[in-house]
Amino acid sequence: MTHATVAQASSDPGRWGRVDAEGTIYVRTADGERVVGSWQAGEPEEGLAHFARRFDDMLTEVELLSTRLAAGGGDPKHTLTSAKTIRDGLDDATVVGDLVGLRARLDELVADAEAAVGAARSARDAQRSAAVARKEALVAEAETLAAEATQWKQAGDRFKSILDEWRTIRGIDRKTDELLWKRFSKARESFNRRRGSHFADLDRQRATAKARKEELALEAEKLADSDDWGPTAARFRDLMAEWKAAGRAQKEADDTLWQRFRTAQDAFFARRSDTFAERDAEFAANADAKKALLVEAEKIDVSDPAAARAALRGIQERWEEIGKVPRDEIRPLEARLRAVEEKVRDAANRQWQRTDPEAEARVAQFRERVAQFEAQAEKARAAGDARRAQQAESQADQWREWLATAEQAVQHR
């Protein structure tokens, strides 16, 4: 912006004023001459020059204010106040110079200063709005953390970061700043209470978990030497489920209790594994022994049923003495033995049927009854009793059928 140029007065004081013979000094204004002082210390012209230099000093002050304002190094409000003060005093200023030009220059300076003051006010308002908006955003974040956060360390660190940033934000009026601070403080206190309550609950839970896990570890240690393999293994499985359901104690205590529990559990299952390995080896040997017996049993000669039964009894006795075999071999081995037993039993039954006297007696009895009823029928016919003859014949037919069945049974022994 181009400003009015004001000439220095000391280079030509007579242009702007005069001094009379009595030493009275005058300055020319738009309204005419005005007395600014008197000079008695020396030559009158020296007095005029003195007042001209005072004008130059005033002009220098005005230009300095203008330069600082333009450079942004001065306070616009201070510049405005100083410019107005100088301008308001021009009518009574004891100086000789271009007062009209200086007034115009001061008018420009006042206008520039007022614009700068307005701009500074707008900048402050914008800065204040931004500062308020930022603190409101921080407060809102703090309130959300206070109500919802469960990541306690992260949220706590964030509250510290918010506070650090809060302290760097300036330019907010005191009342607004205090209201925002109250909201932030309330949110932080709410978070701290909720976090404290959480960790208090956690401590109680950990204490309860520790007490429960001490009970489980003690029970596990008591079971470590048990030889009741099935029920104890099942109980260890239950203990493991209860351990997981008990929750976590403090890390050091939890690790120590787990080591006790795991050591007891491992000791039991290691003993059981060793025992089962020995038993499996014993059962496998028993299976081999029973297979050898089966080979012997399957070679029994059943042509002599008595000798076959005696041989089988010996094998059965040795079979029972051998003991248990692996579970998956029980049924196949028993099936082979049952087959031999049935073979011997069938041979004995066939022999018994061939030599059964009762079967022969029944055949003779049935034959005799047939003959009796045939004789009765013949006698009835001879007597002319057809009805009794028919009855006797029917009975003879019935016993004849039974005789045929009995004879067939004896023939197929």
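No experiment lies behind these values; they were computed from the predicted model shown.

Engineer: I tried to follow the overall build of the protein chain on my own but got confused; where do I start?
Structural biologist: The secondary structure content of the protein chain amounts to eleven helices and three strands. Along the protein chain, from the amino end to the carboxyl end, the secondary structure elements read β-β-β-α-α-α-α-α-α-α-α-α-α-α. For 413 residues, the compact-globule estimate of 2.2 N^0.38 gives 22 Å, and the protein chain exceeds it by more than 25% at 66 Å. The C-alpha extent of the protein chain, read off along each of the three principal axes, is 210 × 65 × 35 Å. Within the protein chain, counting contacts between residues at least 6 apart in sequence, those at least 24 apart form 68% of the total. When the accessible area of the protein chain is evaluated, it comes to approximately 25,800 Å², of which 50% is carbon and sulfur surface.

Engineer: I'm lost on the nonpolar core in this one. Help?
Structural biologist: One recurring pattern in soluble globular proteins is that nonpolar side chains are buried together. Ranked by size, the top nonpolar core spans 32 residues in total, and within it Ile 25, Phe 55, Met 58, Val 96, Leu 102, Leu 106 and Leu 109 carry the most contacts. Ranked by size, the runner-up nonpolar core spans 20 residues in total, among them Ala 149, Ala 155, Ile 169 and Ala 187.

Engineer: Could you clarify how one ought to interpret the sheet that holds strand E3 (residues 32-38) in this entry?
Structural biologist: Pairing between the strands of a sheet is mediated by backbone hydrogen bonds and can be parallel or antiparallel. Pairing is antiparallel in the open sheet, where three strands are placed in the order E1-E2-E3. In the strand order of this sheet, the two ends are held by strand E1 (17-19) and E3, each with one partner. Here the average twist between neighbouring strands, direction ignored, is 25°. Note: strand E2 (residues 24-29) against E3, six bridges, orientation antiparallel. Across the sheet, the residue bridging to Ile 25 is Gly 37, located in E3.

Engineer: Please clarify how the environment of Arg 331 should be interpreted in this entry.
Structural biologist: With respect to the helices and strands, the residue Arg 331 is situated in helix H9 (residues 327-354). We classify Arg 331 as exposed; its relative accessible area is 74%. Residues Arg 331 and Ala 287, spaced 44 residues apart in sequence, show a C-alpha to C-alpha distance of 12 Å.

Reading the values: the criteria
Residues numbered from 1 in each chain as written. Predicted model: local features only at pLDDT ≥ 70, side-chain atom pairs only at ≥ 80, totals over all residues. Heavy atoms only, no water. Helix = DSSP H or I, 4+ residues; strand = E, 2+ residues; numbered from the N terminus. Rg over C-alpha atoms; globule rule 2.2 N^0.38 Å. Contact = heavy atoms within 4.5 Å. Areas by Shrake-Rupley, 256 points an atom, 1.4 Å probe, with all protein chains shown as cover. Core = buried A, V, L, I, M, F, W, Y, C linked by side-chain atoms within 4.5 Å. Buried < 20%, exposed > 50% of the residue type's maximum accessible area, 1.4 Å probe, protein only. Pairing = 2+ DSSP bridges. Axes fitted to C-alpha atoms, helices over the stretch in contact; angles between N-to-C directions.

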